[in-house]
Amino acid sequence: MHEMSICESIISVIEQQADAQSFHKVNRVRLEIGPLAGVELEALKFSFDVVCKGGLADGAKLEVIELPIDAWCMQCAEKTVVAQRYDACPTCGSYQVQITGGDELRIKDMEVD
Amino acid sequence: MCTVCGCSEGEVKIEGHHDHSHHHHEHDEHDHHYGNGPAHAHAPGLSQARMVQIETDILAKNNEYANANRAAFAKQGVLALNLVSSPGSGKTTLLTRSIEDMKAQISIAVIEGDQQTANDAERIRETGAPAIQVNTGKGCHLDGHMVGHAFEHLDVNDGVLFIENVGNLVCPAGFDLGEAHKVVILSVTEGEDKPLKYPDMFHASDLMLLTKTDLLPYLDFDIEKCMDYARRVNPKIKILQVSAKTGDGLQEWYDWVKASQMMNKIGS
């Protein structure tokens, strides 16, 4: 449900940017979202269409770039990628893994007129 | 007051928040509207499609509010604790008991978040502590903006502000309110694997309170397993077992609050 308020935040960033970068229509928005951001993508896409109605992003296409959960394994002393927060290192099986990314929730760029 | 507001349609209500309007920001009595403003920008010039790099954090706006709250709390020497849990974990019962026990030593105020009703704020006020109810309407969490406005109505100089979030183990994890700590409350009548089912919340919290421990003899709840799960998700989490009914473990919780209050002041 908080996907709706996330979409409202997206719109408010778009409106700010519309002033700053002089555009009046948004055709496409690209987001970068990590699995730990706590966002349900289908709900986000649904909410986006609803929230955009009547505004300068009305009808805009929403594209999501899904980012991995980056981590650092202390045993391997190397970067790795895990599937969820309490996973072991896929290489050595150690639980001494520090999550370094995956909670991103960013607007990357937009195609505008 | 609102320097970074982007308010519009919404169903959020903050008790006692009075009429004022400034630029695109409207509050009618007891009502507070949230969302995006009516001003749709029309910029002259460019008509060709082009790409604009944004690279902006979507929650940046909430974070601005949270930082403003953090500054306001620091200015008044207030320790803010964000209490999160599923509905029915006993947050309000724990709070009323805690206030009764600590009010002689600490000044305490409460912001209560619920979808509807002011019942919880009324329960808190019966203890003599000031409380403001925020009704989020359709919303599933409190955000920095709501808390900032509610805090305007509270006076807790050098005290503790408890923010009782909407009962929900998912969404409140992602929204910083400017608090010093999130405290996650899990009652032993729930499943012991909740930390694994809702890892984001347990990861974001600094303290876990296992409540209703007086019921343990009647339940199959495996407390060791639950603590193990919580530490898997968050190795740094502190865990206390309490019963607001019998008072077991409450002294440690009060000590934690007082120690956090002291740590909060040192170096601020």
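It should be noted that the structure appears before, not after, this text.
What counts as what
Residues numbered from 1 in each chain as written. Chains lettered and ligands numbered in written order. Predicted model: local features only at pLDDT ≥ 70, side-chain atom pairs only at ≥ 80, totals over all residues. Heavy atoms only, no water. Phe/Tyr/Trp six-rings, centres within 6.5 Å; stacked < 30°, edge-to-face > 60°. Helix = DSSP H or I, 4+ residues; strand = E, 2+ residues; numbered from the N terminus. Buried < 20%, exposed > 50% of the residue type's maximum accessible area, 1.4 Å probe, protein only. Disulfide = S-S within 2.5 Å. Salt bridge = Lys/Arg side-chain N within 4 Å of Asp/Glu carboxyl O.

Chemist: How would you explain the packing of aromatic side chains if you had to name every residue and give the values?
Modeler: Aromatic ring pairs are reported here in terms of the distance separating the ring centres and the angle at which the planes meet. All names here are of chain B. Tallied over the entire structure, the rule returns three aromatic pairs over all chains. Ring plane angle 90° and centroid distance 4.8 Å describe the contact between F73 and F151, whose orientation is recorded as edge-to-face. One end of the pair, F73, is in helix α1 (residues 60-75); the other, F151, is in helix α4 (residues 144-151), with 78 residues separating them in the sequence. Each member of the pair, F73 as well as F151, is classed as buried. Feature note: the residues F162, W253 and W256 constitute an aromatic cluster, connected by ring pairs.

Chemist: Talk me through the state of the cysteines; I want residue IDs and the actual numbers.
Modeler: Counted by the stated rule, this structure contains zero disulfides over all chains. Cysteine A:C76 is unpaired, with the sulfur of A:C92 as its nearest cysteine sulfur at 3.6 Å. The exposure class of A:C76 is partly exposed, given its relative accessible area of 24%. Of all cysteine sulfurs in the structure, the one in B:C171 sits closest to B:C140, which takes part in no disulfide; the separation is 3.2 Å. The exposure class assigned to B:C140 is buried, which follows from its relative accessible area of 5%.

Chemist: Could you give an account of the pattern of salt bridges, with specific residues and numbers?
Modeler: Under the criterion given, the structure shown has 17 salt bridges over all chains. Ionic pairing is found between B:R123 and B:D120, a salt bridge with its closest N-O pair at 3.9 Å. Of this pair, B:R123 and B:D120 both sit in helix α3 (residues 119-125), separated by three residues, roughly a single helical turn. B:K265 is the salt-bridge partner of B:D158, the closest N and O atoms lying 4.0 Å from each other. Note that B:D158 is positioned in the loop between α4 and β8 (160-164) and B:K265 in helix α8 (residues 250-265), a separation of 107 residues in sequence. Judged by relative accessible area, B:D158 falls into the partly exposed class, the value being 46%. Relative accessible area serves as the criterion here: at 37%, B:K265 is assigned to the partly exposed category. Residues participating in the shared-partner salt-bridge network are A:R28, A:K61, A:E63 and A:E111.

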